[in-house]
Amino acid sequence: ECPGTGSAQAGRAAACQGCPNQGLCAAGAAGPDPAEAAELRARLRAVRHTVLVLSGKGGVGKSTFSALLAHGLAADETKQVALLDIDICGPSIPKMMGLEGEQVHQSGSGWSPVYVEENLGVMSVGFLLSSPDDAVIWRGPKKNGLIKQFLRDVDWGEVDYLIVDTPPGTSDEHLSIVQYLSATHIDGTVIVTTPQEVSLQDVRKEINFCRKVKLPIIGVVENMSGFVCPKCKNESQIFPPTTGGAEKMCQNLNVSLLGKVPLDPQIGKSCDRGQSFLAEAPESPATLSYRNIIQRIQEYCEQHHLQEEKIM
């Protein structure tokens, strides 16, 4: 297993063989150098809370959750919210946020985020492509460079919540965002799964990754957790939890289950139109579940902030 980027065995352990970041870790360059760290701190000093959204498995609704988390937080007009999409090869956030075709603008203070509302800004590699169908065929170093640029060169301004949507897995993008943000702070991560064992198997790896790199885990969200027929009201398990689902996994691994979000076809329709499902279907059981989960994340972040202030 990965010894962790801060370990004396980083890049030297047997488990490091074949890792694309082995050389960086062995050279002690896995994190930003002091000059880079100072730049990142300066740029992100006005970001109050940072939350990463992870999933070991693709297709579990992680980007959908990130988009709706951002919409839910921004529903409070007194809060400034930023959504950063670091899924370099599959940037779906522009489509989900109704920003497809938008371009990034340069100002004297850096790149300007693209705004959905006055208090909700978005940044994604999707804004840098000439067409949404363009393939991004990049090796790790170029991906890492763009992630650094997003953090260092985007004029985020005063932000209450920075939500980072990540690709599936535990690889380059994940190591980079954790290492660069180590110069500032991360409140924690939300891990998204679906109920079936095929998904949970990869999510366990993601939880181990978080623990290896000392990334706090806010909790797990079980997405697509059953489907209630709008006509007959019977509930069906589209993805049967053959091993107990996220609830059993959370008990075994001692992490919090933030909530279960049932399937609702309207979620997909809203995302395809670039609209907020929470606003379009306020009475849906999925919306109520999302709002409870968002409230728990807010409470966690506030408690984490108070603990940091006590330490300082």
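With an unreviewed UniProt entry as reference, the chain is termed NUBP1 factor, source organism Nicator chloris.

Engineer: How would you explain helix 3 (residues 62-74) if you had to name every residue and give the values?
Structural biologist: With 13 residues, helix 3 extends 18 Å between its outermost C-alpha atoms, agreeing within 8% with the 18 Å of an ideal straight helix rising 1.5 Å per residue. In terms of burial, helix 3 is a largely internal element, 13 of the 13 residues being buried.

Engineer: Provide a residue-level description of the sheet that holds strand 12 (residues 257-260), including the pertinent values.
Structural biologist: With mixed pairing, the 8 strands of this open sheet are ordered in space as 5-6-2-7-1-8-9-12. Each edge of the open sheet is held by one strand with a lone partner, namely strand 5 (114-117) and strand 12. The mean inter-strand angle of the sheet, taken between neighbouring strand axes irrespective of direction, is 20 degrees. Of the strand pairs in this sheet, strand 1 (residues 47-54) and strand 7 (residues 159-165) are connected by 6 bridges, and their pairing is parallel. Its bridge partner being in strand 7, V51 is matched across the sheet by I163. Lying over the sheet, helix 8 (residues 245-253) contacts strand 8 (188-193), strand 9 (217-222) and strand 12, oriented at roughly 155 degrees with respect to strand 9.

Engineer: Any chance you could break down the UniProt feature "domain: AAA+ ATPase" (unreviewed entry) in the chain for me, citing the residues and the numbers?
Structural biologist: Taken from the UniProt record, the annotation "domain: AAA+ ATPase" (unreviewed entry) applies to residues 48-219. Annotated as 33% helix and 25% strand, the span residues 48-219 places its first and last C-alpha atoms 19 Å apart.

Engineer: Quick rundown of the environment of A74? Include the residues and the values.
Structural biologist: Inspection of the secondary structure assignment puts A74 in helix 3. Under the relative-accessibility criterion, A74 is labelled buried at 11%. Distance in space between the C-alpha atoms of A74 and D264 is 22 Å, their sequence separation being 190 residues. With sequence-adjacent residues up to four places away left out, A74 is seen in contact with V81, N119 and L120.

Engineer: How would you explain the pattern of salt bridges if you had to name every residue and give the values?
Structural biologist: The full count for this structure, using the stated rule, is 11 salt bridges. Across the pair K95 and E100 runs a salt bridge, and its minimum N-O distance is 3.5 Å. The exposure class assigned to K95 is partly exposed, which follows from its relative accessible area of 36%. A salt bridge links E197 to R204; the shortest N-O distance between them is 2.8 Å.

Reading guide: rules and limits
- Residues numbered from 1 in each chain as written.
- Predicted model: local features only at pLDDT ≥ 70, side-chain atom pairs only at ≥ 80, totals over all residues.
- Heavy atoms only, no water.
- Helix = DSSP H or I, 4+ residues; strand = E, 2+ residues; numbered from the N terminus.
- Expected span 1.5 Å × (residues − 1).
- Buried < 20%, exposed > 50% of the residue type's maximum accessible area, 1.4 Å probe, protein only.
- Pairing = 2+ DSSP bridges.
- Axes fitted to C-alpha atoms, helices over the stretch in contact; angles between N-to-C directions.
- Contact = heavy atoms within 4.5 Å.
- UniProt positions renumbered as here; feature names shortened; annotations may be inferred.
- Salt bridge = Lys/Arg side-chain N within 4 Å of Asp/Glu carboxyl O.

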